[in-house]
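# Working through the structure, step by step
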Amino acid sequence: MDYSKKISLKINAGYSAIQGTYISSNAVAFGYIAVILQSKSFNNSQIGLTVALAAVFSIILPPIIAMFYDRHKNTALKYIVAFMIIFTIICYVFTVFINEPIALVMIAYILVLTAAFSSMPLLNALAMQFENIGISVNYGVARGIGSIGYAVFGYLTGLIIDEFGVKIIFPLYILLLIITVFFVLIFKKPDEDNTNNKDKDKEALVSGLSVSSEWKGFYTNPACVFFFFAMICITLNHGTLDTFQVSIVKSVGGTNSDYGVVMFVMAISEIPTMFLFKYLTKRFSYVQLLSTAFIFFIIKDVVLLIAPSVNIIIAAQVINVHWVCICRLRYITRI
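Below is a summary of the structure that appears in this document. (Residues numbered from 1 in each chain as written. Predicted model: local features only at pLDDT ≥ 70, side-chain atom pairs only at ≥ 80, totals over all residues. Heavy atoms only, no water.)

## Focus on the packing of helix H6 (residues 139-164) against helix H11 (residues 256-275)
One can describe the packing of H6 onto H11 by two numbers: an axis separation of 7 Å at closest approach and a directional angle of 175 degrees. Here H6 lies roughly antiparallel to H11, going by the angle between them. For the contact of H6 with H11, the per-class residue count stands at 17 nonpolar, eight polar and three charged. (Axes fitted to C-alpha atoms, helices over the stretch in contact; angles between N-to-C directions. Helix = DSSP H or I, 4+ residues; strand = E, 2+ residues; numbered from the N terminus. Parallel < 35°, antiparallel > 145°, perpendicular 65-115°, else oblique. Nonpolar A, V, L, I, M, F, W, Y, C, P; charged D, E, K, R; others polar.)

Take a look at the structure:
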């Protein structure tokens, strides 16, 4: 199926805009989630429980959404994505006005985190539906744009919090999500660019998102069970580190501004891996990439464990190189 270069560039530009604004919003809200929840009188145990439950639910929810999509094939995926982000906004607005009881605040943030985390595989599925009908979408470049946004907004948010307080996060996060919804809604559906092949396009799209065969394979193949368990472990590891890394920075005398620098270096270090994403997936097997991902996670955790100063914590971010993206490759590209 032939598509003009102009259409391909337009789709890639639109997808990069979606990734850029959404990942930037993650830097604002979830990069500083520990700071936000501490301002709501959460202790570290309550923060950890909130993030852990959201991480687990965000692994379970995407397949459920995919099953819904299978049964409502006439619904454009971008509308489902927009609904999830709007739901995130509504829940987040609710958190602005409640500070107690802790249990209610915790439930609200679990809903926010679960909806936000679950939107990520849906955003990846937006790219996959075009890949399935012959349009190449450079996920690595789009995600690299997201890393740039994460770096910039992560650094700026740290400075803004020190200057104006934690409450500044709320309107900034909501604004970025609203912009993301706008980009999602104007993003084209796969069949809009080739009306002569609508049936074929839709068949490819549905087969790309169908989860019935994957769930059947999950139950019949023990390797899938171990892989699923490994993904839960790595998600919890990554979520815990992202949540409490600000506490690690403060434990060695750092500030929110210092943590902003940590986030900037971490995100910038991801960019080479992102832009080389397609090359790496062709050059190395998934087993090699996954194994490397786990090794880098362990190394970074150990360095952060023994880090005596903010400078060492900043240096440890270079290890990041965003192997987590490759680690999730097989999981996130098919919800």
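From this point, things continue past the structure.
## Things to note about the packing of aromatic side chains
Following the criterion strictly, the structure yields 10 aromatic pairs and no others. Judged by centre distance (5.4 Å) and plane angle (65 degrees), the rings of Phe30 and Phe117 are edge-to-face. Of the two residues, Phe30 is situated in the loop between helix H1 (5-29) and helix H2 (33-39) and Phe117 in helix H5 (residues 102-131); the sequence distance between them amounts to 87 residues. By relative accessible area, which is 10% here, Phe30 ends up buried. Residue classification places Phe117 among the partly exposed residues on the basis of a relative accessible area of 29%. Ring centres 4.6 Å apart and planes at 65 degrees place the aromatic pair Tyr92 and Tyr173 in the edge-to-face group. Of this pair, Tyr92 sits in helix H4 (residues 77-96) while Tyr173 sits in helix H7 (residues 169-186), and the two are 81 residues apart along the sequence. Look at Tyr173 and you get buried, because its relative accessible area is 0%. (Phe/Tyr/Trp six-rings, centres within 6.5 Å; stacked < 30°, edge-to-face > 60°. Buried < 20%, exposed > 50% of the residue type's maximum accessible area, 1.4 Å probe, protein only.)

## Digging into a nonpolar patch on the surface
There is a patch of nonpolar side chains on the surface, built from Ile145, Ile148, Val152, Tyr155, Leu156, Leu159, Phe264, Ile268 and Phe275 and spanning about 670 Å² of accessible area. Of all the elements in the fold, those that place two or more residues in the nonpolar patch are H6 and H11. Element by element, the count of residues in the nonpolar patch is highest for H6, at six residues. Here Ile145 shows up in helix H6. The class of Ile145 is partly exposed, set by a relative accessible area of 33%. (Patch = residues over 30% accessible without salt bridge, like charges linked within 9 Å, V, L, I, M, F, W, Y side chains within 5 Å. Areas by Shrake-Rupley, 256 points an atom, 1.4 Å probe, with all protein chains shown as cover. Salt bridge = Lys/Arg side-chain N within 4 Å of Asp/Glu carboxyl O.)

## Considering helix H13 (residues 286-306)
The terminal C-alpha atoms of H13, which comprises 21 residues, lie 31 Å apart, in line with the 30 Å expected from a rise of 1.5 Å per residue. Residues of H13 that are buried include every one of Leu289, Leu290, Ala293, Phe297, Lys300 and Leu304, and no others. Down the axis of H13, the smallest arc covering the buried residues is 95 degrees, so these residues share one side. More than 90 degrees from the buried face of H13, the exposed residues found are Val287, Ile298, Leu305 and Ile306. (Expected span 1.5 Å × (residues − 1). Arc of directions from axis to C-beta.)

Nothing here speaks to function; it is all geometry.
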